[in-house]
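Commentary on secondary and tertiary structure
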Amino acid sequence: MRIKPMYGTFSLLFFSIFLLYNQNSCYAQDAPSTTGYSCNSSQFYPCQTYVFYRARGPEFLDLASIGDLFSVSRLMIANPSNISTSNTTLVNDQSLLVPITCSCNNLNTTSGNISYAGLNYSFNFGDTMYMVSTVKFQNLTTYQSVEAVNPAVVPENIDIGQVIEFPIFCKCPNRTQTQPQNQNQPRYLISYVFQPFDNISSIASRFGTTPQSIRKINGNNPKIFDILFIPLSKLPDITQPTASNGPVVQENDKKGTVIGLAIGLGICVLLLILLAGLWGCREKSGKSKRSLYLGFDEGC
């Protein structure tokens with residue numbers, strides 16, 4: 001008879017844990033999707049937001065090439081990224097904030113309305129939807145979403161120079177959160193790709209926000225290369241490494257070239273003098289031999 005109360009106690013404890021787990025799970029607005037993230041009219045679309053991007057060599061180590069990829073100017077990346085000179089040479093894995101315009105789009109599929117910024121990309125030799133999505137756009141989209149946005153394109157039959165739209169995943173805040181009186185509410189949802197050695201606390205520290213605010217929108221258990229939407233009331237102050245500017249590097253290159261040419265010219269002059277000396281000695285030796293030879297003949 002005493003087993004029943006104990007069984008009831010365990011049942012109540014299990015039910016409480018279940019409710020707590022579900023409550024935490026409901027923090028996420030949308031589950032991660034290979035096709036994209038749903039959107040609705042309660043959110044403020046379209047909106048200007050940003051993606052967190054890392055400079056990667058050898059192709060994307062300058063703001064010009066990254067700007068071309070995202071169809072923005074160098075200054076539009078330099079200003080929010082706390083970079084003073086737009087022609088700065090970037091270092092590998094340097095942090096950047098790249099602006100995008102996020103829209104709510106209807107794909108006419110079972111996925112419904114999808115939130116993304118559509119960027120046109122011209123295919124080069126060796127490009128594939130998967131490679132461009134994972135390497136050039138650094139998992140800010142997926143090849144499944146690219147296929148959904150471009151239903152008439154055959155992935156195995158893309159011509160060089162063919163332009164295809166790539167959907168960059170993004171989100172806009174709710175309309176009530178963007179009102180002037182809500183100064184401490186998020187005005188941006190920065191698109192951030194979860195990396196292998198990341199955790200929510202380290203990401204919160206990077207962006208100057210709290211782990212709780214990130215979990216409220218994205219849930220508790222992000223997977224590698226999932227998109228996290230970082231809620232911010234203002235853009236973060238990104239600490240940038242000290243890098244050399246393009247013109248300074250060119251000036252140093254010119255100085256090195258001039259010095260090298262001067263050294264090479266000096267060596268050539270010394271070689272010419274040495275050869276001239278050797279030639280002179282040879283001619284003098286030849287004349288002496290001819291004189292002796294002629295004197296011997298006359299004596300005979």
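Residues numbered from 1 in each chain as written. Predicted model: local features only at pLDDT ≥ 70, side-chain atom pairs only at ≥ 80, totals over all residues. Heavy atoms only, no water.

Going by what an unreviewed UniProt entry lists, the protein is known as Serine/threonine receptor-like kinase NFP and is assigned to Nicotiana tabacum.

**Some thoughts on the overall build of the protein**
Going by this rule: Strands are runs of DSSP state E lasting at least two residues, helices are runs of H or I lasting at least four, and both sets are numbered from the N terminus onward. Buried residues are those whose accessible area, probed at 1.4 Å on protein chains only, stays under 20% of the maximum for their type, while exposed residues exceed 50% and partly exposed ones sit between those limits.
When helices and strands are counted, the protein shows eight helices and seven strands. Counting all 300 residues of the protein, 35% fall into the buried class.

**A look at the pattern of salt bridges**
Note the following rule: Put simply, a salt bridge is a Lys or Arg side-chain nitrogen that is within 4 Å of an Asp or Glu carboxyl oxygen.
The full count for this structure, using the stated rule, is three salt bridges. For Arg 56, the salt bridge is made with Asp 93, and the minimal N-O distance between the two is 2.5 Å. Of this pair, Arg 56 sits in the loop between strand S2 (47-54) and helix H2 (63-70) while Asp 93 sits in the loop between helix H3 (74-78) and strand S3 (95-106), and the two are 37 residues apart along the sequence. The class for Asp 93 is partly exposed, based on a relative accessible area of 41%. What you see here is one network of salt bridges that share partners, running through Glu 59, Asp 127 and Lys 136.

**Some points on the nonpolar core**
Defined as follows: Definition used in this section: a nonpolar core is a set of buried Ala, Val, Leu, Ile, Met, Phe, Trp, Tyr and Cys residues joined via side-chain atoms within 4.5 Å. Working rule for contacts: check all heavy atoms of both residues, and any pair within 4.5 Å makes them a contact.
Counting 43 residues, the largest nonpolar core has Ile 66 and Phe 70 as its most contacted members. Not counting residues up to four positions away in its chain, the partners in contact with Phe 70 are Val 51, Tyr 53, Val 98, Ile 100, Leu 119, Phe 137 and Leu 140. By size, the runner-up hydrophobic cluster in this structure holds 15 residues, among which are Leu 97, Ile 190, Ile 200 and Phe 207.

**Section: the packing of aromatic side chains**
In plain terms, the rule: Geometry of aromatic contacts follows a simple scheme: Phe, Tyr and Trp rings, the Trp one being its six-membered ring, pair when their centres are within 6.5 Å, and the pair is stacked under 30 degrees between planes, edge-to-face over 60, tilted otherwise.
One pass over the full model with this rule turns up 14 aromatic pairs. An angle of 35° between the planes, with centres 5.5 Å apart, marks the rings of Phe 137 and Phe 166 as tilted. With Phe 137 in the loop between helix H4 (129-136) and helix H5 (143-149) and Phe 166 in strand S5 (residues 163-169), this pair connects stretches of sequence that are 29 residues apart. This pair shows no difference in class: Phe 137 is buried, exactly as Phe 166 is. Of the aromatic side chains, those joined through ring pairs into one cluster are Tyr 53, Phe 70, Tyr 121, Phe 123, Phe 137 and Phe 166.

**Side note on the pairing of S3**
Along any regular strand the residues' side chains alternate between the sheet's two faces. Under the convention used in this document: One bridge is not enough; two strands pair if DSSP finds at least two bridges between them.
Pairing geometry for S2 and S3, over eight bridges, is antiparallel. Bridge assignment links Gln 48 to a residue of S3, and that residue is Thr 101. Alignment of S3 against strand S4 (residues 113-122), held across four bridges, turns out to be antiparallel. Across the sheet, Asn 105 pairs through a bridge with Ile 114, a residue of S4.

**A closer look at the state of the cysteines**
Let me state the cut-off plainly: The disulfide definition used here is simple: a pair of cysteine sulfur atoms within 2.5 Å.
Overall, the coordinates contain three disulfides when judged by the stated rule. With its sulfur 1.9 Å from that of its partner, Cys 47 forms a disulfide with Cys 172. Taking the sign of the S-S torsion, -95° for the link of Cys 47 and Cys 172, the bridge is left-handed. Taken as a pair, Cys 47 in strand S2 and Cys 172 in the loop between S5 and strand S6 (188-193) lie far apart in primary sequence, 125 residues in all. Cys 172 sits in the buried class, given a relative accessible area of 1%.

**Describing the packing of helix H6 (residues 200-207) against helix H7 (residues 211-218)**
For any two helices packed against each other, the geometry is given by the interaxial angle and the distance between the axes. Heads up, the condition is: Between N-to-C directions, angles span 0 to 180 degrees; the directions come from axes that are lines fitted to C-alpha atoms, helices contributing only their stretch in contact. The scheme is simple: roughly parallel for angles under 35 degrees, roughly antiparallel for over 145, roughly perpendicular for 65 to 115, oblique for anything else. Here a crossing is called left-handed whenever its near helix is offset anticlockwise from the far helix by less than a right angle, and right-handed whenever the offset is clockwise.
It is the contact of H6 with H7, at a shortest axis distance of 8 Å, that shows an interaxial angle of 115°. Classified by the interaxial angle, the pair formed by H6 and H7 is roughly perpendicular. Of the two elements, H6 crosses H7, and the hand of that crossing is right-handed. Judged by residue contacts, Ile 200, Ser 201, Ile 203 and Ala 204 of H6 engage Pro 211, Ile 214 and Arg 215 from H7.

**Topic: the environment of Leu 96**
By the secondary structure assignment, Leu 96 is in strand S3. Judged by relative accessible area, Leu 96 falls into the buried class, the value being 0%. Note: C-alpha distance between Leu 96 and Ile 238 (142 residues apart in sequence) is 8.0 Å. In this structure Leu 96 touches Val 51, Phe 52, Tyr 53, Ala 55, Leu 63, Ile 66, Ile 77, Ser 81, Ile 83, Leu 90 and Gln 240, once residues within four positions along its chain are discounted.

**Concerning the pairing of S5**
With five of seven residues buried, S5 is to be regarded as a mostly interior element. Pairing of S4 with S5 involves seven bridges; the strand directions are antiparallel. Bridging across to S5, Tyr 121 finds its partner in Ile 164.

**Describing the environment of Tyr 192**
Along the chain, Tyr 192 turns up in strand S6. Overall, Tyr 192 belongs to the buried group, its relative accessible area being 0%. Separated by 140 residues in the primary sequence, Tyr 192 and Phe 52 place their C-alpha atoms 5.3 Å from one another. If we ignore the near neighbours within four places in the chain, the residues touching Tyr 192 are Phe 52, Arg 54, Asp 198, Ile 203, Arg 206, Phe 207, Asp 226, Ile 227, Leu 228 and Ile 230.

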